[in-house]
Amino acid sequence: MSGLSTLLIVVGLFLVGGIISFVKQQMPKSLIVLLSIGAAMCLVAGALRLEVWN
């Protein structure tokens, strides 16, 4: 795993934790959707940058 892919996956998982926290606090749905999109993009980008796909 390269450093950037690791960083993207860690940030994505951090954002997933934020999503769970925001849902429990009953924050606005638009904020949760925006955070979900960011987390999904980080996780997908990190997964696609892994060396296992080469």
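Since the model is a prediction, treat every value here as computed from it, not as a measurement. (Residues numbered from 1 in each chain as written. Predicted model: local features only at pLDDT ≥ 70, side-chain atom pairs only at ≥ 80, totals over all residues. Heavy atoms only, no water.)

**Q** How would you summarise the overall build of the protein if you had to cite specific residues and measurements?
**A** Tallying secondary structure elements over the protein gives 2 helices and 0 strands in all. In terms of overall dimensions, the protein is more spread out than a globule: its C-alpha atoms have a radius of gyration of 13 Å, far above the 10 Å expected for 54 residues. Structurally, the protein occupies a C-alpha span of about 40 × 15 × 10 Å along its principal axes. Across the 54 residues of the protein, 20% fall into the buried class. (Helix = DSSP H or I, 4+ residues; strand = E, 2+ residues; numbered from the N terminus. Rg over C-alpha atoms; globule rule 2.2 N^0.38 Å. Buried < 20%, exposed > 50% of the residue type's maximum accessible area, 1.4 Å probe, protein only.)

**Q** Give a description of the side chain of serine 5 that names residues and reports values.
**A** Relative to the helices and strands, serine 5 is located in helix α1 (residues 3-24). At 2.9 Å, the side chain of serine 5 forms a polar contact with the backbone oxygen of serine 2. (Polar contact = N/O pair within 3.5 Å; in protein donor to acceptor, adjacent residues only side chain to side chain.)

**Q** Account for the nonpolar core, naming residues and giving values.
**A** Among the nonpolar cores identified, the biggest contains 5 residues, and these are Leu15, Ile19, Ile32, Ala39 and Cys42. Sorting the residues of this core by element identifies α1 and α2 (29-48) as the ones contributing at least two each. Of the residues forming this core, the biggest block, 3 residues, is contributed by α2. Filtering out sequence-adjacent residues up to four positions away, leucine 15 remains in contact with Leu35, Gly38, Ala39 and Cys42. (Core = buried A, V, L, I, M, F, W, Y, C linked by side-chain atoms within 4.5 Å. Contact = heavy atoms within 4.5 Å.)

**Q** Account for the packing of α1 against α2, naming residues and giving values.
**A** Direction vectors running N to C along α1 and α2 enclose 155°, while the axes themselves pass 8 Å from each other. On the basis of the axis angle, α1 is roughly antiparallel to α2. When you trace α1 past α2, the crossing you get is left-handed. Packed against α1, whose contacting residues are Ser5, Leu8, Ile9, Val11, Gly12, Leu13, Leu15, Val16, Gly18, Ile19, Phe22 and Val23, the element α2 presents Leu31, Ile32, Leu35, Ser36, Gly38, Ala39, Cys42, Leu43, Ala45, Gly46 and Ala47 at the interface. Classifying every residue of the contact of α1 with α2 gives 17 nonpolar, 6 polar and no charged. (Axes fitted to C-alpha atoms, helices over the stretch in contact; angles between N-to-C directions. Parallel < 35°, antiparallel > 145°, perpendicular 65-115°, else oblique. Left-handed = near helix turned anticlockwise from the far one by under 90°. Nonpolar A, V, L, I, M, F, W, Y, C, P; charged D, E, K, R; others polar.)

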